[in-house]
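Summary of the model geometry
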Amino acid sequence: MYFCIKIRKKMAEFISGESHRPGRIEVVCGSMFSGKTEELIRRLRRAQFAKQRVEIFKPAIDVRYSEEDVVSHDQKHIQSTPIDSSASILLLTSNIDVVGIDEAQFFDMGLVDVCNELANRGVRVIIAGLDMDYKGIPFGPMPALCAIADDVTKVHAICVKCGNLAYVSHRTVQNDKRVLLGETQEYEPLCRECYQKAIAEEKAKEEKTSK
């Protein structure tokens, strides 16, 4: 009887996929509209369902859908704590099993050491963020986070021009700021080929206007 109960318990842990794990860093990265935040929320919900102690953080500057919640483009949401500095994470994560971090590209480079320290303490850290900015340049702490991660999942949006897998978030408005919060009015996912065509067309248009 005891053996059967033990087997059922192990099977339940296997099915849930959320039995106790050692500390680790998981990164979910990609372009805008690729489902990064949706995947982050999915993993965090599973951890909550498994009765793990979960804390979620996002940059205070991201108020597009909510000042407090992490919200995906398809309106899935989960409660979070907005913060201005990565150092705040260590102050707010005592006795926590799982830490979620959304829009990691907007944080300072100290986030890398913070995530390493958490993982070394035995905390599971799940990070979502843009791997590149609108110019195709690696964004903020994301490259370093990918380097130290135990697992990296790259997700893809669909190119709005040709339907292939998207490569980058192309900015469709005139603004040179690296950080510009926006949605479909300001950005579109493009594959590498369509992105190069779009950049060439914009350059040709600028040259024509300047003449």
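Please refer to the structure placed before this passage.
Here is a short report on the structure shown in this document. Given the structure is predicted, the values throughout are model-derived calculations rather than measurements. (Residues numbered from 1 in each chain as written. Predicted model: local features only at pLDDT ≥ 70, side-chain atom pairs only at ≥ 80, totals over all residues. Heavy atoms only, no water.)

A few words on the pairing of strand S1 (residues 24-30). By the criterion of burial, S1 is predominantly enclosed, with 6 of the 7 residues buried. With 7 bridges joining them, S1 and strand S7 (residues 124-130) adopt parallel strand pairing. When the bridges of S7 are listed, Ile 25 appears paired with Val 125. Summarising the sheet, S1 and strand S8 (residues 151-155) pair through 5 bridges and their orientation is parallel. (Buried < 20%, exposed > 50% of the residue type's maximum accessible area, 1.4 Å probe, protein only. Helix = DSSP H or I, 4+ residues; strand = E, 2+ residues; numbered from the N terminus. Pairing = 2+ DSSP bridges.)

Attention shifts here to the packing of aromatic side chains. Evaluation of the coordinates by the stated rule reveals 1 aromatic pair. Centroid distance Phe 106 to Phe 139: 5.9 Å. Interplanar angle 85 degrees. Geometry classified as edge-to-face. Placement of Phe 106 in the loop between strand S6 (98-101) and helix H4 (110-120) and of Phe 139 in the loop between S7 and helix H5 (142-148) is noted, with a sequence separation of 33 residues between them. According to the relative accessible area criterion, Phe 139 is buried, its value standing at 5%. Here the basic side chain of Arg 171 rests over the ring of Tyr 134, its NZ or CZ set 3.7 Å away from the ring centre. Of note, Arg 192 hangs over the ring of Tyr 167, and the distance from its end group to the ring centre comes to 4.1 Å. (Phe/Tyr/Trp six-rings, centres within 6.5 Å; stacked < 30°, edge-to-face > 60°. Lys NZ or Arg CZ within 6 Å of the ring centre and 35° of its normal.)

With respect to topology, 6 strands assemble into an open sheet ordered S5-S2-S6-S7-S1-S8, the strand pairing being parallel. Sheet topology places strand S5 (81-83) and S8 at the edges, where each strand pairs with a single neighbour. Averaged over neighbouring strand pairs, the angle between their axes works out to 20 degrees when direction is ignored. (Axes fitted to C-alpha atoms, helices over the stretch in contact; angles between N-to-C directions.)

The next point concerns the side chain of Ser 86. Looking at the secondary structure, you find Ser 86 in the loop between S5 and helix H3 (87-91). Engagement of the side chain of Ser 86 in a polar contact is seen with the side chain of Asp 108, the distance being 2.7 Å. A polar atom in the side chain of Ser 86 sits 3.3 Å from the backbone nitrogen of Leu 111. Contact partners of Ser 86, with chain neighbours within four places excluded, come to Phe 107, Asp 108, Gly 110, Leu 111 and Val 114. (Polar contact = N/O pair within 3.5 Å; in protein donor to acceptor, adjacent residues only side chain to side chain. Contact = heavy atoms within 4.5 Å.)

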